[in-house]
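# Report on the structure
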Amino acid sequence: MNKATRRSNGDPSRLDRVATRPRTRTRRWAVFAGVSLLAAALLAGLVAAVYARSQLRASRPVLTGTVALPGLAAPVTVERDRLGIPRIRAETLRDGYRTLGYLHAQERFFQMDLQRRQAAGELSALVGAAALPLDREARLHRMRARAESAAGALPAEARRTFEAYRDGVAAGLAGLAAPPFEYLLLGQEPEAWRVGDSLLTVVAMYFVLNDASGARDARTAALEASLPPELAAFLNPPGTDRDAPLRGEAFGVPDIPGPEVFQDALRGALVPPGEPPVLSGSNSWAVAPRRTAGGVALMTSDMHLPLGVPNIWYRTELHIGEQRLRGLTLPGVPAVIAGSNGNVAWGFTNSQGDWTDLVELEIDPADPLRYRVPGGWRRMEVFEEEIPVAGAPPETLEVPETIWGPVIERWGRPLAIRWIAHDPEGFGTAYLGFSEASTIEEMFRAGWGAGMPPQNLVAVDREGSIGWTIAGPIPRRHGFDGTVPVSWADGARGWDGYLGPDEIPAIRNPESGLLWTANNRLVDGEFLDRLGRGGGYAHGERARLIRDRLLAVEAADEAAMLDIQLEDRAPELAIWRDLFLRSLDGAQGPLATEAARVLREGWTGRAGVDSAGYPLVRNARLELFRAVYGTLTASAAAAAPNFSPFVAVHWPGPLLRLAREQPPHFIPPGADDWNGALRNALLAAAARMRTAGPLAERTWGKENLVHIRHPLSPGLPGLLSRFLSPYLDAPPRGLPGDAGLPRAQSGSHGPSNRFVVAPGREETGILHMPGGQSGHPAMPYYLSGHRDWEEGRATPFLAGPTEWTLTLVPE
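Calculation rules
- Residues numbered from 1 in each chain as written.
- Predicted model: local features only at pLDDT ≥ 70, side-chain atom pairs only at ≥ 80, totals over all residues.
- Heavy atoms only, no water.
- Buried < 20%, exposed > 50% of the residue type's maximum accessible area, 1.4 Å probe, protein only.
- Helix = DSSP H or I, 4+ residues; strand = E, 2+ residues; numbered from the N terminus.
- Pairing = 2+ DSSP bridges.
- Polar contact = N/O pair within 3.5 Å; in protein donor to acceptor, adjacent residues only side chain to side chain.
- Contact = heavy atoms within 4.5 Å.
- Salt bridge = Lys/Arg side-chain N within 4 Å of Asp/Glu carboxyl O.
- Phe/Tyr/Trp six-rings, centres within 6.5 Å; stacked < 30°, edge-to-face > 60°.
- Lys NZ or Arg CZ within 6 Å of the ring centre and 35° of its normal.

### Brief notes about the pairing of strand E28 (residues 754-757)
Side chains of E28 alternate between two faces, with Arg754 and Val756 and Phe755 and Val757 buried alike. Where strand E5 (residues 298-306) lies against E28, three bridges are found, and the strand directions are antiparallel. Its bridge partner being in E28, Met299 is matched across the sheet by Val757.

And the structure:
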């Protein structure tokens, strides 16, 4: 009655009529209205589904027929095999790169768009406010302005190549009957590709492979400022006895500091360090002809990166007259990044050198924008960066910048970032010369002038030479070693440009006939000084396993090299397994009994999917690390924002020495002795794992679940994401390997490719990669080849028989 009264606005006669209306009639109208609404909703949904399906089909790349491509000097043929790998047959390399731009746009434009936007801090304009934190971090570096400036200064020949590629991208995008399907889901339109965007694509790799915020320098400084020097040096050594450098010896773990430097004041409240970061790295090695079965120089490469669908790389063959250029391209860039040109084969691993420094600023107390420079004072230049946001007002970010670089506040005080990616040298295009190199020396020269995140370049040539060097710009420091922030105000410390070709470390044709890199420290002495002692060189176990396997091979061939790439033995963790097992002697309780059984019966010595012992030992070691390092570095965590004890990259060495020598003054809280500390760590790991089921069933395959997804899939609303995931993403699967092993698989981070090849003998080479060639789920080869990568099957380096032929002709 109250509801009727309100609707009648107090009119009694209206109320009577409402009260006396037949209920059956009302129900009929209600049913009719409900059915009508349901029918309308179903019709709207059907129309939307039909439209979406038509747009999805219309956005597929063109595989066959004849298409005009403006700017071509002569017709080009594109032959795709069953995996979608194209053979581009062109008369000139520039026509080949124009065609490559066309194919990249047709197959991968959304990926290209994301990469340029990530580098420039322009994601929010595409996907909305959720990307603002990422954009703010990127805008600090003003990479859009730097890339456009570098594009305007390109050498004439390089500019023509990039313009041909840009025009190919424009034609490829225009040649789609509908924009790539991702833009339909986002309600957006793709923006045109520019020459500067190709440079931004390389900048995106800087962000992945370099320390853009100076985190390592800041955290090292916090550690050294909070602890006695002997303790800081012990916890954060430059290496361990498991190092495997190419030149020099392993660095031993320092002696354990005595009780005199270990004060109660150091024992702060435990600060849990969290999970160890997964760093982008890679493996690569080379074998001289005298050590191979075929008497040829052989090289391998598997680059470890965050994995997605489609894969970051796009496999391509360029047949330019008699020239053959085959391997991996990066959509957005007109170049083959790694592979073989018939005369030289080459690949990369991240060098982990020190390419970023933090500069302490001496600020005028009366003016926060005024800072001291050599010879006087200077005022910061403040840039206003406007960040467009889809569906919301734009945001303006002020970026103060010094002569050394932008100012960052995240480390508790204003510091300037000096980073190679800010300089013109960081945008050099000498990598275009990879295609023309005929010897390792010519490949080295192309690498030395390349604007790219500095990489270990491993190359072999058809004449049998093998070599290693660093590709990319290397700063020339003076007055300091780059390990912690220092002031540059008096001119006594700083950078003096970049190393010249004759200063860059290189190793050619070593006596062993072997070269190996795994993001580890490779050199010592003066060479190491040039690359930076403040680098985050990886713990040496992975490189050591590769080196030892290579030394054991008498007649290397492609299959033997792939077998090393798939190595998942864990000898370092085997030491820990024995330590944890001994700690359980005499232990009582069902959890201790269950853990002991798994360590005895479930240990296979490998990071295999069926091993229950491997994840238990791995997790127990991390628990012990948290107890030891989390306590000892608590003062650093309290004093410095964003501190992480994982700045000590080589922590496995000191931790193992403590567990073996068991100094009583280092016993972590909660234990009476080191056996108790080991047991506590093991049982804490077991208890956490036990919540998901019996320990014997918590195998590494369940812990190391790999779910490689399309970038849109996780960001879509829940119901839509669940609906589209089976169509966009690779099915989740537990895989063998771990971050510290040659098969460096850690969740959805791992080998973005594996290849083995000898230049001139590509027909026996091997290449596979996750995620597949295509970015379009309606393509017949979407995710093709992914299962081969998962299972480590040897698949051909070369494209297979032609399935589809497309002819591109001059307009």
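### Brief notes about the side chain of Asp243
Relative to the helices and strands, Asp243 resides in the loop between helix H12 (229-235) and strand E4 (282-287). A relative accessible area of 7% means that Asp243 is categorised as buried. A distance of 3.3 Å separates a polar side-chain atom of Asp243 from the backbone nitrogen of Phe251. One polar contact links Asp243 to Arg521, side chain to side chain, over a distance of 3.4 Å.

### What about the environment of Ser351?
Tracing the sequence through the fold places Ser351 in the loop between strand E9 (344-350) and strand E10 (356-360). With 167 residues separating them in the primary sequence, Ser351 and Ala518 have C-alpha atoms 8.5 Å apart. Discounting chain neighbours no more than four positions away, the residues touching Ser351 are Pro454, Gln455, Asn456, Ile470 and Tyr537.

### Some details on the pattern of salt bridges
Here the structure, examined in full by the defined rule, presents 61 salt bridges. In this structure, Arg87 engages Glu79 in a salt bridge whose closest nitrogen and oxygen atoms are separated by 3.1 Å. For Asp364, the salt bridge goes to Arg370, with nearest N and O atoms at 2.7 Å. A relative accessible area of 13% means that Asp364 is categorised as buried. Each of Asp113, Arg116, Arg117, Glu122, Arg144, Glu148, Glu191, Arg194 and Asp197 takes part in one network of salt bridges that share partners.

### Overview of the packing of aromatic side chains
The full count for this structure, using the stated rule, is 23 aromatic pairs. Between Trp346 and Phe434, the aromatic rings sit 5.8 Å apart at their centres with planes inclined by 55°, giving tilted as the arrangement. Here the residue Trp346 occupies a position in strand E9, and Phe434 occupies one in the loop between strand E17 (415-419) and helix H13 (440-448), the gap between them amounting to 88 residues. What makes Trp346 buried here is its relative accessible area of 0%. Linked through ring pairs, Tyr371, Trp404, Phe480, Trp488, Trp495 and Tyr498 together constitute an aromatic cluster. A cation sits over an aromatic face here: Arg142 above Phe383, 3.6 Å from the ring centre. If you follow Arg247 out to its NZ or CZ, it ends over the ring of Phe527, 4.0 Å from the centre.

### A few points about the sheet that holds strand E11 (residues 363-364)
Strand order in the open sheet formed by three strands is E11-E12-E13, and the pairing between neighbours is antiparallel. Edge positions in the open sheet fall to E11 and strand E13 (376-379), since each of these has one partner strand only. When strand E12 (residues 367-373) meets E13, the two strands line up antiparallel, connected through four bridges. Bridging from a neighbouring strand, Val373 pairs with Gly376 of E13.

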